[in-house]
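Residues per chain, in single letters:
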Amino acid sequence: MGRIIGIDLGTTNSCVAVLENGTPTVIPNAEGERTTPSVVAVAKTGERFVGGAAKRQAVVNHAGTVLSVKRRMGSAEKLSLGGKKYLPQEVSAMILQKLKTDAEAYLDEPVTDAVITVPAYFTDAQRQATADAGKIAGLNVLRIVNEPTAAALAYGADQTPQKLLVYDLGGGTFDVSVLEISAGMIEVLATAGNNRLGGDDFDKCVADWLVGEFKKQTHCDISRDAAAMQRVREAAEKAKIELSALTQTTVSLPYLAVAHGAPQHMELTLTRAKFNELTAHLVQATAAPMRQAVTDSGVSMRELSQVLLVGGSTRIPAVQELVKSILGKAPSQTINPDECVAMGACLQGGVLTGAVKDLLLLDVTPMSLGVETVGGQFARVIERNTAIPIRKSRIFTTASNFQSTVDIHVLQGESDRASANRELGRFQLSGIRRAPRGVPQIAVSFALDANGIVNVSARDLDTGMAPQITITASANMSDSEIDRAAKRLKEKN
């Protein structure tokens, strides 16, 4: 086995690292940068760009550019690139291929094995989609690791025993995990989060404000002008970043539009106070998952010795102030929030190969798993924050007299109502011995592997009938589809 790379496949930026002499090392990309924008574009010439080159030409080629693809992982949404349609897995594979190529150039050897991170609150479908993206990119994905866990791994591999909280606010997702570090072991005690909360949402708040102020000044509405809006979004992101260090910044976009027969320029000042006002609801939205994770872990606030901040959006001062106000301690600044996840991923790769010894990582499932029962109720088989890997069964029965088949509706979530949870799949158990309702004994078993990916089986304890399936959501790809996508990835476009 060659060297294993660790990949943080991010919403806004991605990072890749490798172990060198036992130390995690971030691999610079071909442009010399330590992180790569998670952007893919196809020019009118058919040439494909990934990373900084794709981001730079997004203004003039908005229709041919895909940003924040991570937010679409696990969905069946088709994304347009160069006149062709791609699943999110395929677009993510283009980013992974770029990271793989940069790693091979840095190491001067082929790279095939990788550990890839995902948000702790990613669903089964999103985890499978990430694994599929790796396969399409030509990577053997050895493990899917939760991002907060990877960050803790990078921080805690050589630390003294302690309990800590990882607050991970990235470009598109938010996770919080409570972990315990002891001699040779990092154990996740609880996790919570929101898959639709991240830096992109902060950028949108600023962009919406800029568009509104520009309209007030010029009576010109640019909200439907794709090129103008791309410039505004980029300016909003830049302003957000600058306000982490400054108390105010100026957004200057000359020739943004033409109205009343004359060019219109944007020149607006945004203060940190106004930014905090615009985004206060987003910052506050992280409070409930933080408290939930601490409660579920059984650890008191006083027992937490460290709070680690992960993800570029944690540089926002209001975020740091909220964390301090809730947990009663200033967050640690000892790790790089943009790089620590990839570094932790490559450490996990070292654990798998034996290069890193005496270190065990124990993770949990972020959401409960179960099936729908009579009356549309959700019956949990595996509770959230259960350590993985795990296999667990629960006995169910029939709802009608002389029923010979049972539909197994597999769900993931926390609501007692089945309809409010996420469907993972359906399958049917047939050949049940005809008997009065309540008599047949049907054991439904869930198996979660170390990647958090689900396998489900059901067995009629009387007849022994036992179909088994790997849950595959409609958005996930078959092996043949993955092979076709891998071949298409090698094409020019």
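As the structure is a computational prediction, the values presented were derived from the model and not from experiment.

Q: How do you make sense of the overall build of the chain when you look at a structure like this?
A: For the chain, the helix and strand inventory stands at 11 helices and 27 strands. Against the compact-globule benchmark of 23 Å for 493 residues, the chain has a radius of gyration of 24 Å, which places it among compact chains. Structurally, the chain occupies a C-alpha span of about 80 × 50 × 50 Å along its principal axes. The buried share of the chain, reckoned over its 493 residues, is 56%. Put simply, 66% of the contacts in the chain that link residues at least 6 apart link residues at least 24 apart. Total accessible area on the chain stands at roughly 20800 Å², and carbon and sulfur atoms take up 49% of it. With 52 positive and 52 negative side-chain charges, the chain shows a separation of 4 Å between the mean positions of the two kinds.

Q: Help me understand the nonpolar core, please; the structure alone is not making it clear to me.
A: Nonpolar side chains tend to gather and get buried jointly when the protein is soluble and globular. Leu165 and Ile222 are the most contacted members of the largest nonpolar core, which has 53 residues in total. Among the elements that make up this core, the one with the highest residue count is helix α5 (residues 199-218) (eight residues). Beyond its immediate sequence surroundings of up to four residues, Leu165 is in contact with Val176, Ser177, Val178, Met290, Val294, Leu304, Gln306, Val307, Leu308 and Leu327. Within the second largest apolar cluster, 41 residues are counted, among which are Ile27, Val69, Met94 and Ala485.

Q: Looking at this structure, I do not really get the confidence of the model for the chain. What am I missing?
A: Note that predicted coordinates carrying low pLDDT should not be read in detail. Looking at the chain, pLDDT values average 91 and 97% of them are 70 or higher. Summarising per-element confidence for the chain, the mean pLDDT is lowest in strand β27 (residues 468-470) (53) and highest in helix α7 (residues 272-284) (98).

Q: What is the right way to read the pattern of salt bridges from this model?
A: Where charged atoms from two side chains of opposite charge approach closely, those side chains can pair. By the definition in use, this model includes 24 salt bridges. For Glu213, the salt bridge identified is with Lys216, shortest N-O distance 3.1 Å. One end of the pair, Glu213, and the other, Lys216, are both in helix α5, three residues apart, so they sit about a helical turn from each other. Residues joined in a network through salt bridges with shared partners are Glu31, Lys98 and Asp102.

Q: In this structure, what is going on with the sheet that holds strand β6 (residues 48-50)? I would like to understand it.
A: Each strand in a sheet pairs with its neighbour through backbone hydrogen bonds, running either in the same direction (parallel) or in the opposite one (antiparallel). Taken in spatial order, the three strands line up as β6-β5-β7 in an open sheet, and their pairing is antiparallel. Among the strands making up the open sheet, the edge pair consists of β6 and β7 (65-67). With direction set aside, neighbouring strand axes in the sheet form an average angle of 10°. Relative to β7, strand β5 (residues 39-42) is paired through three bridges, and the arrangement is antiparallel. For Val40, the partnering residue across the bridge sits in β7 and is Val66. Helix α2 (residues 88-107) rests against β5, β6 and β7 of the sheet, and its axis sits at about 70° to β6.

Q: Help me understand the sheet that holds strand β23 (residues 405-412), please; the structure alone is not making it clear to me.
A: Strand order in the open sheet formed by four strands is β20-β19-β23-β24, with antiparallel pairing between adjacent strands. Every other strand in the sheet has two partners, leaving β20 (377-382) and β24 (422-430) as the edge strands with one partner each. Across the sheet, the axes of successive neighbouring strands diverge by a mean angle of 30°, strand direction being ignored. In this structure, β23 lies alongside β24, joined through eight bridges in antiparallel fashion. Residue pairing for β24: Val410 is matched across the bridge by Gly425.

Q: Looking at this model, I keep getting lost on the packing of α7 against helix α9 (residues 317-327). Mind explaining?
A: The geometry of a pair of packed helices is captured by two quantities: the angle between their axes and the separation between those axes. Running from N to C, α7 and α9 point in directions that differ by 50°, and their axes come no closer than 9 Å. In terms of their interaxial angle, α7 and α9 are classed as oblique. The way α7 lies across α9 gives a crossing that is right-handed. Residues Arg272, Asn276, Val283 and Gln284 of α7 lie in contact with α9, whose contacting residues are Pro317, Ala318, Val319 and Leu322. Here the residues of the contact of α7 with α9 are counted per class, giving five nonpolar, two polar and one charged.

Q: So what exactly am I meant to see when it comes to α5 here?
A: Given 3.6 residues per turn, any residue in an α-helix points the same way as the ones three and four places further on. Look at α5: 28 Å from first C-alpha to last across 20 residues, which is about the 28 Å you get at 1.5 Å a residue. Most of α5 is tucked away: 14 of the 20 residues are buried.

Q: It is not clear to me how the environment of Gly452 should be interpreted in this structure. Could you clarify?
A: Looking at where Gly452 falls in the secondary structure, it is placed in the loop between β25 (442-448) and β26 (454-460). Each C-alpha atom, one on Gly452 and one on Gln128, is 9.2 Å from the other, the two residues being 324 residues apart in sequence.

Q: Would you mind going over α7 with me for this structure?
A: Compared with the 18 Å implied by 1.5 Å per residue over 13 residues, the 17 Å span of α7 between its first and last C-alpha is a close match. Largest kink in α7: about 55°, centred on Leu278. Within the span of α7, buried status applies to Phe275, Leu278, Thr279, Leu282 and Val283. Lining the buried residues of α7 we find α5, α6 (226-242), β16 (262-271), α8 (287-297) and α9.

Q: Would you mind showing me how to read the pairing of β20 here?
A: The side chains of a regular strand alternate, first on one face of the sheet and then on the other. Among the six residues of β20, five are classified as buried, and the element is accordingly described as predominantly covered. Note that strand β19 (residues 369-373) and β20 share five bridges and pair antiparallel. Bridge pairing in β20 links Glu372 to Phe378. In this structure, the hairpin formed by β19 and β20 is closed by a connection of three residues, where Gly375 is found at a positive phi of approximately 80°.

Calculation rules
Residues numbered from 1 in each chain as written. Predicted model: local features only at pLDDT ≥ 70, side-chain atom pairs only at ≥ 80, totals over all residues. Heavy atoms only, no water. Helix = DSSP H or I, 4+ residues; strand = E, 2+ residues; numbered from the N terminus. Rg over C-alpha atoms; globule rule 2.2 N^0.38 Å. Buried < 20%, exposed > 50% of the residue type's maximum accessible area, 1.4 Å probe, protein only. Contact = heavy atoms within 4.5 Å. Areas by Shrake-Rupley, 256 points an atom, 1.4 Å probe, with all protein chains shown as cover. Lys, Arg positive; Asp, Glu negative; His and termini not counted. Charge placed at Lys NZ, Arg CZ, Asp CG, Glu CD. Core = buried A, V, L, I, M, F, W, Y, C linked by side-chain atoms within 4.5 Å. pLDDT = per-residue confidence, 0-100. Salt bridge = Lys/Arg side-chain N within 4 Å of Asp/Glu carboxyl O. Pairing = 2+ DSSP bridges. Axes fitted to C-alpha atoms, helices over the stretch in contact; angles between N-to-C directions. Parallel < 35°, antiparallel > 145°, perpendicular 65-115°, else oblique. Left-handed = near helix turned anticlockwise from the far one by under 90°. Nonpolar A, V, L, I, M, F, W, Y, C, P; charged D, E, K, R; others polar. Expected span 1.5 Å × (residues − 1). Bend = angle between axes of the 7 residues up to and from the residue.

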